[in-house]
Amino acid sequence: RKEVEQDPGPFNVPEGATVAFNCTYSNSASQSFFWYRQDCRKEPKLLMSVYSSGNEDGRFTAQLNRASQYISLLIRDSKLSDSATYLCVVKRSSNYQLIWGAGTKLIIKP
Amino acid sequence: GAGVSQSPRYKVAKRGQDVALRCDPISGHVSLFWYQQALGQGPEFLTYFQNEAQLDKSGLPSDRFFAERPEGSVSTLKIQRTQQEDSAVYLCASSLTGRATEAFFGQGTRLTVV
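Residues numbered from 1 in each chain as written. Chains lettered and ligands numbered in written order. Predicted model: local features only at pLDDT ≥ 70, side-chain atom pairs only at ≥ 80, totals over all residues. Heavy atoms only, no water.

Visitor: Now, about the overall build of chain A: what can you tell me, with residues and values included?
Guide: Counting its regular elements, chain A contains zero helices and eleven strands. For chain A, the C-alpha radius of gyration of 13 Å lies close to 13 Å, the compact-globule estimate for 110 residues. With the C-alpha coordinates of chain A rotated into their principal frame, the extents come out at 45 × 30 × 20 Å. Counting across all 110 residues of chain A, residues that qualify as buried make up 48%. Intrachain contacts of chain A at a sequence separation of at least 6 include 56% that bridge at least 24 residues. Summed over its atoms, the accessible surface of chain A is roughly 5,300 Å², and 48% of this surface lies on carbon and sulfur atoms. Averaging the locations of the 14 positively and 10 negatively charged side chains of chain A gives two centres separated by 5 Å. (Helix = DSSP H or I, 4+ residues; strand = E, 2+ residues; numbered from the N terminus. Rg over C-alpha atoms; globule rule 2.2 N^0.38 Å. Buried < 20%, exposed > 50% of the residue type's maximum accessible area, 1.4 Å probe, protein only. Contact = heavy atoms within 4.5 Å. Areas by Shrake-Rupley, 256 points an atom, 1.4 Å probe, with all protein chains shown as cover. Lys, Arg positive; Asp, Glu negative; His and termini not counted. Charge placed at Lys NZ, Arg CZ, Asp CG, Glu CD.)

Visitor: Lay out the sheet that holds strand E3 (residues 19-25) of chain A with the relevant residues and their values.
Guide: Residues and elements named next belong to chain A. A sheet is described by the order of its strands in space; here five strands give the open sequence E1-E3-E8-E7-E6, paired in antiparallel fashion. Edge positions in the open sheet fall to strand E1 (4-6) and strand E6 (55-57), since each of these has one partner strand only. This sheet shows a mean twist of 20° between the axes of neighbouring strands, independent of strand direction. (Pairing = 2+ DSSP bridges. Axes fitted to C-alpha atoms, helices over the stretch in contact; angles between N-to-C directions.)

Visitor: Got a sec to walk through unusual backbone geometry? Specific residues and values, please.
Guide: Looking along the chain, the bond that leaves Ser7(B) and enters Pro8(B) is cis, with omega of -10°. Within the secondary structure, Pro8(B) sits in the loop between strand E1 (5-7) and strand E2 (10-13). Look at Arg41(A): it is not a glycine, yet its phi comes out positive at around 65°. Looking at where Arg41(A) falls in the secondary structure, it is placed in the loop between strand E4 (30-38) and strand E5 (44-50). Under the relative-accessibility criterion, Arg41(A) is labelled exposed at 53%.

Visitor: How would you sum up the layout of surface pockets? Please name residues and give values.
Guide: Looking at the largest pocket, its volume works out to about 660 Å³. Along its surface, the largest pocket is lined by 32 residues, and Gln38(A), Cys40(A), Arg41(A), Leu39(B) and Gly40(B) are the ones closest to its centre. Elements with a contribution of two residues or more to the lining of the largest pocket: strand E9 (84-92) and strand E11 (104-109) of chain A together with strand E9 (88-95) and strand E11 (109-113) of chain B. (1 Å grid on protein atoms, 1.4 Å probe; cavity = no way out; pocket = protein on both sides within 12 Å on 5 of 7 lines; lining within 4 Å. Points joined across faces, edges and corners; volume = space filled by probe spheres on them.)

Visitor: Provide a residue-level description of the pairing of strand E5 (residues 44-50) of chain B, including the pertinent values.
Guide: All names here are of chain B. Most of E5 is tucked away, with five of its seven residues classed as buried. As defined by bridge partners, strand E4 (residues 31-37) adjoins E5 across six bridges and the pair is classed as antiparallel. Each bridged residue has a counterpart across the sheet, and for Ser 31 the counterpart in E5 is Gln 50. Taking the residues between adjacent antiparallel strands as the criterion, E4 and E5 are bridged by six residues, where Gly 40 takes a positive phi near 75°. Pairing geometry for E5 and strand E6 (residues 53-56), over three bridges, is antiparallel. Within E6, the residue paired with Gln 50 across the bridge is Ala 53.

Visitor: I'd love a proper account of the interface of chain B and chain A, names of residues and values included.
Guide: Contacts between the two partners involve 25 residues from chain B, matched on the other side by 18 residues from chain A. Buried surface at the junction of chain B and chain A, both sides included, amounts to about 1,700 Å², of which 47% is carbon and sulfur. Joining chain B to chain A, the criterion identifies one salt bridge. A salt bridge links Glu44(B) to Lys2(A), with the nearest nitrogen and oxygen atoms 3.5 Å apart. At the surface where chain B touches chain A, the tally comes to five residue pairs in polar contact (both at pLDDT 80 or more). For the side of chain B that touches chain A, the secondary-structure elements that each account for two or more residues are E4, E5 and E6 of chain B. Taken together, the residues of the side of chain B that touches chain A sort by class into ten nonpolar, nine polar and six charged. (Buried area = accessible area lost by both parts, 1.4 Å probe. Salt bridge = Lys/Arg side-chain N within 4 Å of Asp/Glu carboxyl O. Polar contact = N/O pair within 3.5 Å; in protein donor to acceptor, adjacent residues only side chain to side chain. Nonpolar A, V, L, I, M, F, W, Y, C, P; charged D, E, K, R; others polar.)

Visitor: Any chance you could break down the state of the cysteines for me, citing the residues and the numbers?
Guide: Evaluation of the coordinates by the stated rule reveals two disulfides over all chains. Here Cys23(A) pairs with Cys88(A) through a disulfide, and the sulfurs are 2.0 Å apart. Judged by the sign of its S-S torsion, about -75°, the cystine formed by Cys23(A) and Cys88(A) is left-handed. Taken together, the residues span a long stretch of sequence, with Cys23(A) in strand E3 and Cys88(A) in strand E9 at a distance of 65 residues. Comparing Cys23(A) with Cys88(A), the two get one shared label, buried. A disulfide bridge connects Cys23(B) with Cys92(B), and the sulfur atoms are separated by 1.8 Å. Between Cys23(B) and Cys92(B), the S-S torsion sits near -65°, and that sign places the bridge as left-handed. Of this pair, Cys23(B) sits in strand E3 (residues 19-24) while Cys92(B) sits in strand E9, and the two are 69 residues apart along the sequence. Residue classification places Cys92(B) among the buried positions, given a relative accessible area of 0%. (Disulfide = S-S within 2.5 Å.)

As structure tokens, then:
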């Protein structure tokens, strides 16, 4: 079992819809959590960090549930430009390593 | 430059050939990481440098893989006697420190071993 697991994709969603991604992590020592976005044949780029109290950045909302070791990303009013792969990333407190999920591919259709 | 720069962007190697991949991190970034990303997967950690010191090479898949960062800036990942299973995108990332929350990635080198 992988240390970070994500919903299998792809998600095919009509423009304007709300879409949610889930991610679970197995190592309870994990301390920092992130969502990265990766466009096709491009490098990953940080979308947002995930804080314990949950956080929002425009149309994007991230939630963390430490008890269930679960992270989520919600995208509201989805745009065509949101089409990408979304990667869940975890960092352990004592380690600099980023542990990556396999990613969930999102396709927004007009 | 403004971002992390990797070269070459694409490399086709014959099986058994040696390759060298270059990474030029953001100026002043102490930490440098190499990752391997197979198709449809997230990046897998290969090795980590803090300045010129290679602090962790636990992710290197075999002794055919070697990385260096002699002056604490540019890094080279070398793969000797390439095999087909080495085909992947090799990503370099840098961050201000090892504890930094954001790592900045280069566009990667897509290696195809034929």
